[in-house]
Amino acid sequence: QVQLVESGGGLVQPGGSLRLSCAASGFISGINAMGWYRQAPGRQRELVARIDSGGSTNYADSAKGRFTISRDIAKNTVYLQMNSLKPEDTAVYYCNAQKPRRGTSILSDYWGQGTQVTVSS
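Here's what I pulled together on the structure shown here. (Residues numbered from 1 in each chain as written. Predicted model: local features only at pLDDT ≥ 70, side-chain atom pairs only at ≥ 80, totals over all residues. Heavy atoms only, no water.)

**Remarks on the pattern of salt bridges**
Any two side chains of opposite charge can pair if their charged atoms end up close together. Operational definition: Here, a salt bridge means any Lys or Arg side-chain nitrogen found within 4 Å of an Asp or Glu carboxyl oxygen.
Under the counting rule described, the total for this entry stands at 4 salt bridges. Bridged by salt links that share partners, the residues Arg38, Glu46, Arg66 and Asp89 form one connected network.

What follows is the structure, encoded as structure tokens:
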């Protein structure tokens, strides 16, 4: 099992910044990729940003140019730096890790508990 613990959410004014952190623990060896998803009320969960084991990243169009995903391998931690925040960024942000099931290429998803980000004046 992989455990993910997020931190860093909160209330911020439009145009402000926040940095989310996700610390992974447990059986973390073999994780293919980690990422951040978000879910706003009444909407489906959506990918925000993702980083794979080789360090390649991809972003949702809404995040490009404003958000940056990074990792500290020594700390088993992934970060999401969010700048120029907008009210439409308001959502619960979830950390995700993907890891193949033992002996297969089938990926299992692991999720954190989520952290609320509210962008409002």
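**Here we look at the state of the cysteines**
What counts here: Note on terminology: disulfide denotes any pair of cysteine sulfur atoms within 2.5 Å. The way it works is that DSSP assigns letters per residue, a run of H or I at least four long becomes a helix, a run of E at least two long becomes a strand, and they are numbered from the N terminus. The cut-offs for exposure are 20% and 50% of the maximum accessible area for each residue type, with area from a 1.4 Å probe on protein chains only; residues under the lower value are buried, those over the upper are exposed, and the others partly exposed.
Summed over the entire model, instances satisfying the criterion amount to 1 disulfide. Disulfide pairing is shown between cysteine 22 and cysteine 95; the S-S distance is 2.0 Å. Here the disulfide of cysteine 22 and cysteine 95 is left-handed, its torsion about the S-S bond being about -85°. Here the residue cysteine 22 occupies a position in strand β3 (residues 18–26), and cysteine 95 occupies one in strand β9 (residues 91–100), the gap between them amounting to 73 residues. Classification of cysteine 22 as buried rests on a relative accessible area of 0%.

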